[in-house]
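The chain contents come next:
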Amino acid sequence: MASLKVGFVIFATAFVASVAGSSFQLDPLNVAPVQDSDDGFRLPQDITPTHYDIRLRTAVHDAERDFQGSVDIHLTVNEPSDRITVHSRSLTINSTILYTSNSEPWTEVERPSYVYDELKEHLTFQCTSPLQNGTNYVLRINYNGRLLIDTTGFFRKYYRDNDGIRRYIAATQFYPTGARQAFPCFDEPSFKTTFTLSLIHHNSYNAVSNMPREDALLVDTVDFEFVVSTFAESQRMSTHALAFAVTDFEVRSRTPQQRTLARPNVVNDTQYALGAGDAILLALNTHLDLSYWNYMPQLVQIAIPDFGLGGTQTWGLVGYGEPTLLYNPEINGYRSKPAIAATIAQAYAHQWFGSLVTVDWWKYAWVHEGMASMYGYYGAHLAYPEDQHMDRFQLQVMQPALERDASEDARPMNWNVESPAEIAGLLDSVNKQKAAGVINMLRNVLGEEYWQNGVKRYLRSHEMDSVTPDDLYEALEEAIDDLPVLPNNMTVKQFMDSWSDAPGYPVVNVRRIYGADEIIISQERFFLDRQLPSDHIWYIPYQGQYIEMLDFTYHAWLTTKARKHFGRFDDNKPFILNVHSVGFYRVNYDSRNWELITAAWIGSPNFASPTARAQLIDDSFALARADLLDFSVVLRLLTALKNDRDYLPWATANKVLTYLHDRLRGTEQWSTFVFYVITLVDSNYRMLQFGEIAPNETINDKQLKDLILSWTCKLKIFQCSGNAEQMFRSAVRNDVGVHPDISPLVYCYGARSAVNEEFVWLYRRMFDSQNEAERSVLINAMGCSQSKEQLDAYLTSSIGAGVGSEVNFFDRERLQVVQAVYSASRIGVDALIDFLNNWDMADDFIYWLDQPAFDDAITAIALRTNTQAEFDRLKDLLVTVGSLAPENVVNAAMTTVKANLDWHDSLEALIITEFLERYVYETISPQNKVT
């Protein structure tokens, strides 16, 4: 297809000639002001590292958190200085020695004193005389540290073996600034150098790192029960790319170079990940035309208990949360395999983007975060094209990014930071999802061939080095050369700067001049909750589809505030912009064109691609919430879903229906909303067989079935919940699990009416499960209970009391219990209010789950408060807990509830109410329909 090869190539010369003005005008960019930079957090450049030799000793096998370390930092002197400054966090320095290393043996120079700046995490060694150019130095530091219990730095986790005994392991996640917690170092991305590592650990455990073990295990000379694992010298890399783990895990492998590690009682569940890793690595090697094996001798995946989701940004050894690496077809549903593939693809993309080539400072972290996020889906698509990964990209990346970037306080992608807290704050939706969306837009602009050539140039030119975005832009410019991929007076840098240097994104307004064959297109910054002027000009590529001939598309640019198109358009046919949904912006149309779109969709569900239909729903919903479109347009558009069999537009509509559900629950309009949903799902529901798992079902079929059944069960229509209850009781009676493809639905709606014995059955099933993903399904399901007694006992278990003390939840799971209760229904919200409406219990809640969990619970209750009676219950709770709830949390909760209550008298609410009432009337009595 030409559009894939050439992308958003500027449209034909004849068409250009018809455009007002006859040539493209690039308005100057009005970018965000340059930030003030506090370079006090940056390390000096006068002395830099050339190699690290690290030696760590851990007794994690015995649950010990303390560890001992020694690091030799080999140094080069760029400018004479009597100070050496490195990063350090929570380490106790025991001794330091400075050597010269120009010859063997090294010569001791001195034992420098040191000072520590806790704010900047700078450890500065003061020498008696300046270090000189031309002399090689080594700074040896002996120190003690302590394993953390979260998932940053050098941390400790545990799992339970088949006898229920805790087994402890140690692993690392140094991205972005965690290496300094394991050893003193130059912990900035541009300080790339080599590493050697020795880990001293109990002989019942094994160690793994980025590089293969160099020699056979050596017996430790201090304690004969310990051994020393020494690893080969690494490639030049940043400190955050270093990784290692000390575990009693077992190994599965296809070759010695590619293997997976996991605890013994789940290691067989790594087989899918092992195969997926092989397929994805091959796909990326081929796509990038730059083999991973040119640089690294192994690629190891390790499943870390209680790590959550996702993977680490490390080179050669990648850590994953167990749910995103382990797959057991007996207990994990169909969604698991595509999710695992996408997670592996993202982690593997970091082998090139972030490890092989690294940004020189965190201001530009979006380049490789965005690349890896985009390739997480695109790389999985290359390996498994049948699994619709780019559809997931639209749902899980593009749509959330557009929603989160629509606020006034959104930041640009290029955003300077200095402190560790600021750096950690960059790991957000802007650097990951928005950057991925903008990069994917650029990929489509250039076309696949030129994109691949440019990325290959970029990686080859800067391997083992650090870069800025301009290095990527230069490589892409060289790839396209003089080809007409961009307008003649636009560069890749100009295009990308218009998106990366400014906050937010635009809404493109399309106004058709009917009867005159004209379209006026303009741009403004889109805000979800207000309308503010903006002088910024985005350089916007777009494709338009004139729905008379589906294969007629053209490609154009909007590089000014507004422009006019001339063409031959049928006034009775709709026009769609951003037809492939790769542009990072929203599109609004005049009211007549919205009507034409809706009519075309109702007339033929396949009038446009599933991605285009999904984006029409997402855009219209956002525009309506921003008061830029009448909400009745959205509700009318959703009626076209009655005969739509594609999951993507339905999944997008799910957000709209959830919004309406949450707003109208408990109000007089509830029954009209239920009627509206019934008419939308009726046709699809009648095609489904509840509980039947057909072997030939596609991913689309399974996802659509899930969604339709979830709404019919939630609203208690079409006997859905009754069917779920029957399947649940059958599972309990026979003491067998439900098919994993439908277990979330069956367990949840079974739990709603479960008697105590059935609820305990769910609880014991979770207790016995060794699979974190299955445990998560069961934890969420138990939150669906409608029994106050059961929910109270369940919440009590989350703080380690009552029946829950038997389980000893992971910390993450304790929080999930609370979230499952308040997310499932208003009954759960009331149960949480009752649970916390006791000062001692609220105090225990904070003690066990920490203050942020309590604050989040108050916020969640406020978000789900729709009526005055519910508001009175929240106020009573706040009186009871008193100062346990911080003032800012209380004030925010009050503001949220006031907005919820005020909404019922808003224009949006009145429009929705009027539409639903009229819809019910006209549907029941079609002869009364207003035309």
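Residues numbered from 1 in each chain as written. Predicted model: local features only at pLDDT ≥ 70, side-chain atom pairs only at ≥ 80, totals over all residues. Heavy atoms only, no water.

The name given to the chain in an unreviewed UniProt entry is Aminopeptidase, and the organism recorded there is Aedes aegypti. You can read under Sequence similarities (unreviewed entry) in the UniProt record for the chain the words "Belongs to the peptidase M1 family." (UniProt positions renumbered as here; feature names shortened; annotations may be inferred.)

Notes on the UniProt feature "binding site: Zn(2+)" (unreviewed entry) in the chain
The sites that UniProt annotates as "binding site: Zn(2+)" (unreviewed entry) are His350 and Glu369. Despite a sequence span of 20 residues, these residues sit close together in the fold, their greatest C-alpha distance being 8.1 Å. Here histidine 350 shows up in helix α4 (residues 336–352). The class for histidine 350 is buried, based on a relative accessible area of 4%. Once residues lying within four places of it in the same chain are set aside, the contact partners of histidine 350 are Gln313, Ser355, His368, Glu369 and Ala372. (Helix = DSSP H or I, 4+ residues; strand = E, 2+ residues; numbered from the N terminus. Buried < 20%, exposed > 50% of the residue type's maximum accessible area, 1.4 Å probe, protein only. Contact = heavy atoms within 4.5 Å.)

Re the side chain of glutamate 418
With respect to the helices and strands, the residue glutamate 418 is situated in the loop between α6 (389–404) and α7 (420–425). Here glutamate 418 sits buried without a salt bridge, and the closest side chain of opposite charge, arginine 42, lies 4.6 Å off (N-O distance). A polar atom in the side chain of glutamate 418 sits 3.1 Å from the side chain of asparagine 416. (Lys, Arg positive; Asp, Glu negative; His and termini not counted. Salt bridge = Lys/Arg side-chain N within 4 Å of Asp/Glu carboxyl O. Polar contact = N/O pair within 3.5 Å; in protein donor to acceptor, adjacent residues only side chain to side chain.)

Here we look at the sheet that holds strand β26 (residues 562–566)
The strand order across the open sheet built from four strands is β26-β23-β22-β28, with neighbouring strands paired in mixed fashion. The open sheet has two edge strands, β26 and β28 (586–589), and neither has a second partner. The average undirected angle you get between the axes of adjacent strands in this sheet is 20°. Summarising the sheet, strand β23 (residues 518–525) and β26 pair through five bridges and their orientation is antiparallel. Looking at β26, one finds that serine 522 is bridged to alanine 562. On top of the sheet, helix α13 (residues 610–625) reaches β22 (506–513) and β28; it is set at about 75° to β28, its chief contact. (Pairing = 2+ DSSP bridges. Axes fitted to C-alpha atoms, helices over the stretch in contact; angles between N-to-C directions.)

A short note on the state of the cysteines
A complete count under the given rule lists two disulfides for this structure. Two residues, cysteine 713 and cysteine 720, share a disulfide whose sulfurs are 1.9 Å apart. Measuring handedness by torsion sign, the sulfur bridge of cysteine 713 and cysteine 720 sits at about -75° and is left-handed. Residue classification places cysteine 713 among the buried positions, given a relative accessible area of 0%. With a sulfur-sulfur separation of 2.0 Å, cysteine 748 is cross-linked through a disulfide to cysteine 784. Between cysteine 748 and cysteine 784 the sulfur-sulfur dihedral comes to about -95°; the bridge is accordingly left-handed. (Disulfide = S-S within 2.5 Å.)

Some words on the pairing of strand β11 (residues 194–202)
Among the nine residues that make up β11, nine are buried, leaving the element largely enclosed by the rest of the structure. Bridge analysis of strand β1 (residues 47–58) against β11 gives seven bridges, and the strand direction is parallel. Each bridged residue has a counterpart across the sheet, and for tyrosine 52 the counterpart in β11 is phenylalanine 195. Here β11 runs beside strand β14 (residues 226–231); their pairing, made up of six bridges, is antiparallel. Across the sheet, serine 198 pairs through a bridge with threonine 230, a residue of β14.

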